[in-house]
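Architecture at a glance
If you want the building blocks of each chain, they are given just below.
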Amino acid sequence: MSSEEYLKDITEIKKLMNKSSRFISLSGLSGILAGTYALIGAAYAYWLVANSDRGYLILDGKVFKLVLLDMFLVLFFSIATAIYLTTLKAKKNGERIWDATTKRLLLSFLIPLVAGGIYTLTILNQQRYGQTGALMLLFYGLALTNASKYTLGYVKYLGYTEIILGLLCAIYPGYGFWFWVLGFGVMHIVYGILMYFKYERKQE
């Protein structure tokens, strides 16, 4: 066996091992769209608060409920888009969308995310609004970092970025909205573009 054939075989073995241990069908376009949804949702929330009578949120106010609905819709469309585009990519590549690796990925992602969501709602119920943005960024970053061992490397770096932004947001709570926009909007778009050009464009 020539050295060229040997290297080719080693590369194929590594690819097979990578496919069996990592979920690699994540769509970069879904990241771009999720970031776009977040920016649109943030712009609408900003407009709602800026044009309200008080100019700030209260827990039992109508504007707060509209902002919650706005955030829910952003989350819903982001998840729906990610599932749809990731499923399309997996089918195109002849990969299974639901297997043991996917289950481990979701479990690793959801544990810190759900815990963070419950804690954030608890803080809101106590009318402590100042750290909400920081908590959302921190727990989301932890969820991404925890799940990154089962998927592509860029997810880990996105997680690190969200954690750093969350810590900065905790230090400067007055800028919480803008850190949220940067973390959930801009960073998702940057991540999606990097994913697309590294893993998807060459496959088209």
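Higher on the page you've got the structure.
Not measured: the values here are computed from a predicted model. (Residues numbered from 1 in each chain as written. Predicted model: local features only at pLDDT ≥ 70, side-chain atom pairs only at ≥ 80, totals over all residues. Heavy atoms only, no water.)

Right, let's talk about the overall build of the protein for a bit. Each helix and strand counted, the protein has 7 helices and 0 strands in total. Secondary structure elements of the protein, listed N to C terminal, follow the sequence α-α-α-α-α-α-α. Among the 204 residues that make up the protein, the fraction classed as buried is 36%. Of the contacts made within the protein by residues no fewer than 6 positions apart, 74% connect residues no fewer than 24 positions apart. A total of about 12700 Å² of accessible surface is found on the protein, and carbon and sulfur atoms cover 68% of it. (Helix = DSSP H or I, 4+ residues; strand = E, 2+ residues; numbered from the N terminus. Buried < 20%, exposed > 50% of the residue type's maximum accessible area, 1.4 Å probe, protein only. Contact = heavy atoms within 4.5 Å. Areas by Shrake-Rupley, 256 points an atom, 1.4 Å probe, with all protein chains shown as cover.)

Both the distance between ring centres and the angle between the ring planes are used here to describe each pair of aromatic rings. In this structure the tally under the stated criterion is 12 aromatic pairs. The interplanar angle of 80° and the centroid separation of 6.2 Å between the aromatic rings of Y157 and Y160 together place this pair among those described as edge-to-face. Taken together, the residues Y157 and Y160, both in helix α6 (residues 153–171) and 3 residues apart, mark about one turn of the helix. Here Y160 falls in the partly exposed class, since its relative accessible area comes to 40%. Plain terms: the ring middles of Y196 and F197 are 5.4 Å apart, the flat faces sit at 85° to each other, and that makes the pair edge-to-face. Taking the relative accessible area as the measure of exposure, Y196 reaches 23% and is therefore partly exposed. In textbook terms, an aromatic cluster arises when at least three aromatic residues are bridged by ring pairs, as seen for F109, Y140, W180 and F184. (Phe/Tyr/Trp six-rings, centres within 6.5 Å; stacked < 30°, edge-to-face > 60°.)

Keep in mind these numbers describe shape, not what the thing actually does.
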